[in-house]
Amino acid sequence: MITRKRAFRGVLTLTVALGFAAAALPAGAVERTPTVERTPAAEAASARVTAPVPLPLPVPSNAVASDARLRALLHRLTAVDGAPGAFVETRDRRGSAVLTDGVADVERLTPLDPDSRFRIGSMTKTFTATAMLQLVGERRVHLDAPVERYLPGVVRGHGNDGRRITVRQLLQHTSGLPDFLDHFDPRDIVMDPLAHRDPLDLVNIALAHPPEFAPGAGWSYSNTGYLLVGMIIERVTGNTYGEEIERRVIEPLGLSETSVPGDDPTIPGPHPRGYVRPGDDAPLLDITAVNPSVGGAAGGMISSGSDVNRFLGALLGGELLHPAQLGEMMRTRPTGGSDGRRYGLGLESKPLPRGGRYWGHTGDFLGYETAAGATVDGRQATVMVNLGPGSSDAQSDDIQAAVETALSRGRSTAFAGQR
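None of these values were measured; they are calculated from a predicted model.

A. Expanded view of the overall build of the protein. Scanning the protein from terminus to terminus reveals 15 helices and 15 strands. In the protein, which comprises 419 residues, the proportion classed as buried is 58%. A separation threshold of at least 6 residues defines the contact pool for the protein, and within that pool the share at least 24 residues apart is 73%. As displayed, the protein has an accessible area near 15500 Å², and 53% of this comes from carbon and sulfur atoms.

As structure tokens, then:
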């Protein structure tokens, strides 16, 4: 789920000023003013990697340079950008490796576990789109059919019309539907983080406003569209989107650290605490326990670095979709930015600094920010910090730079920490 970060930070600052945040913290949550001072315990946790192993081959000089930059980027995320902890897991055909910096818990100063689970936010969209495209391959859904065929009467009002919007346009953010997050008050989450949010209620928040543009006439990121995709999956199969993702993706790939939690506010297994920073000088708020239904099919999932990498590798390797459906997913259009980013169906691509492109998605959910990418030749990287939204856009830029640096390395086993 991509939040509108500046607006979100501003409203959270107001929330703290009004005295709501302390009452909203879940049981066991902490408040702590962040500091750049590196305590001995934090230094010990910083730049932690798993036990070193001997390298089977000499490491190319470009990989060594990339390692140094990757370590510097992780440290910048914690020491400059202000995240408590940062994590990267890389994977290729030789194996996988983990590098961390900072801490998982600002009170206990515990290091990040290399097997950490975390909320993946909008990376959920790639899982949701995969399940939908499997249904397309089974001829149970048609990409260019109107939304009205599957959800009659649902998309109506203020110029929004499901008879004119296709399933493809929902998946590619070309529907013109308003993003409900643009009209959702985040204080509602902070004041009641455990409350259930029904997807239709969230969709109706968006439908109370006019479309951004006529269907197909532009590109604008809309979480609303993916809530509707989840509803179509449920209407067509009789199962929730989560049950279909479990059956179609999680179980076949053996992703034991991945889950679709529904209303469960907990994160199973080892995980860092998730924090929000309400303002530049405000204390960190622990919001680890939050009902993920506000993200739903657009951003509600939990996973780990190894599972996300395995998923992206399997997806690009043709293990989950037939060639026709994978081709549709990878048929992209520009998003309008200057960074060369293009968006397919739940999957985006972006140029690598040294040439070529990679595929993946970003994710932003309360307490966590993530990004993951993969190349068609079998390299994957996932980066996570346990702060979301961050205090500035620099955090997002450095996360993206870490993914690109990791994917540009010669081998994933070039630094200590091979699994």
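B. Region of the structure containing the nonpolar core. Judged by nonpolar contacts, the single largest core of 79 residues is most densely connected at Leu171, Leu228, Ile232, Ile245 and Phe311. Apart from the residues lying within four places of it in its own chain, the contact partners of isoleucine 232 are Met132, Val141, Val147, Tyr150, Leu151, Val167 and Leu170. In terms of nonpolar packing, the next biggest core, distinct from the first, is built from 25 residues, Leu73, Leu74, Leu99 and Leu407 among them.

C. Region of interest: the packing of aromatic side chains. With the rule as written, the count across this model stands at five aromatic pairs. Note on phenylalanine 180 and phenylalanine 184: the rings are 6.1 Å apart at their centroids and 85 degrees apart in plane angle, and the pair reads as edge-to-face. In this pair, the class of phenylalanine 180 matches that of phenylalanine 184, namely buried. Ring centres of tryptophan 219 and tyrosine 343 lie 5.8 Å apart, and the angle between their planes is 50 degrees; on these two criteria the pair is classed as tilted. You can see tryptophan 219 sitting in the loop between α9 (199-207) and α10 (223-237) and its partner tyrosine 343 sitting in strand β11 (residues 342-343), a full 124 residues away along the chain. When its relative accessible area of 1% is taken as the criterion, tyrosine 343 is described as buried.

D. Representation of the pairing of strand β3 (residues 95-102) in the model. By the criterion of burial, β3 is predominantly enclosed, with eight of the eight residues buried. Adjacent in sequence and paired antiparallel, strand β2 (residues 85-92) and β3 are bridged by two residues.

E. Structural detail: the environment of valine 106. Checked against the element boundaries, valine 106 lands in the loop between β3 and β4 (117-119). Separated by 167 residues in sequence, valine 106 and arginine 273 place their C-alpha atoms 8.3 Å apart.

F. Representation of the pattern of salt bridges. All told, the structure shown has 19 salt bridges when counted by the stated rule. Notably, a salt bridge pairs glutamate 328 with arginine 168, separated by 2.8 Å at the nearest N-O pair. A residue pair is termed long-range when its members are at least 10 positions apart, and glutamate 328 in helix α14 (residues 323-329) and arginine 168 in helix α7 (residues 167-172) qualify at 160 residues. Across the pair lysine 350 and glutamate 404 runs a salt bridge, and its minimum N-O distance is 2.5 Å. One end of the pair, lysine 350, is in strand β12 (residues 348-351); the other, glutamate 404, is in helix α15 (residues 393-407), and 54 residues separate them in sequence. Since its relative accessible area comes to 10%, lysine 350 is described here as buried.

G. Looking closely at the pairing of strand β15 (residues 380-385). Taken across its six residues, β15 has six buried, putting it largely inside the fold. Alternating positions in β15 separate into two faces, Gln380, Thr382 and Met384 on one and Ala381, Val383 and Val385 on the other, with burial throughout. When strand β14 (residues 368-374) meets β15, the two strands line up antiparallel, connected through six bridges. Across the sheet, residue glycine 373 finds its bridge partner in β15, namely alanine 381. With antiparallel pairing between neighbouring strands as the criterion, β14 and β15 make up a hairpin whose turn holds five residues, including glycine 378 at a positive phi of roughly 100 degrees.

H. Geometry of the sheet that holds strand β13 (residues 357-365). Spatial ordering of the open sheet is given by β3-β2-β15-β14-β13-β12-β11-β10, a layout of eight strands whose pairing is antiparallel. At either end of the open sheet lies a strand with only one pairing partner, and these are β3 and β10 (333-334).

I. Region of the structure containing the confidence of the model for the protein. Residue-level pLDDT values for the protein average 86, and 82% of them are 70 or greater. Confidence over residues 411-418 falls short of pLDDT 50; this stretch has 43 contacts with residues more than four positions distant or in other chains.

J. Representation of the environment of threonine 90 within the structure. Among the structural elements, threonine 90 can be located in strand β2. For threonine 90, a relative accessible area of 1% puts it in the buried group. Separated by 319 residues in the primary sequence, threonine 90 and arginine 409 have C-alpha atoms spaced 9.7 Å apart.

K. Broad picture of α10. If you check α10, its first and last C-alpha atoms are 22 Å apart, about what 15 residues at 1.5 Å a residue would give, namely 21 Å. Judged by how many residues are buried, α10 sits mostly within the fold: twelve of 15 residues are covered. For α10, the set of buried residues is Asn223, Thr224, Gly225, Tyr226, Leu227, Leu228, Val229, Gly230, Met231, Ile232, Ile233 and Thr237. Remark: glycine 238 follows α10 within two positions and exhibits a positive phi of approximately 80 degrees.

Conventions and cut-offs
Residues numbered from 1 in each chain as written. Predicted model: local features only at pLDDT ≥ 70, side-chain atom pairs only at ≥ 80, totals over all residues. Heavy atoms only, no water. Helix = DSSP H or I, 4+ residues; strand = E, 2+ residues; numbered from the N terminus. Buried < 20%, exposed > 50% of the residue type's maximum accessible area, 1.4 Å probe, protein only. Contact = heavy atoms within 4.5 Å. Areas by Shrake-Rupley, 256 points an atom, 1.4 Å probe, with all protein chains shown as cover. Core = buried A, V, L, I, M, F, W, Y, C linked by side-chain atoms within 4.5 Å. Phe/Tyr/Trp six-rings, centres within 6.5 Å; stacked < 30°, edge-to-face > 60°. Pairing = 2+ DSSP bridges. Salt bridge = Lys/Arg side-chain N within 4 Å of Asp/Glu carboxyl O. pLDDT = per-residue confidence, 0-100. Expected span 1.5 Å × (residues − 1).

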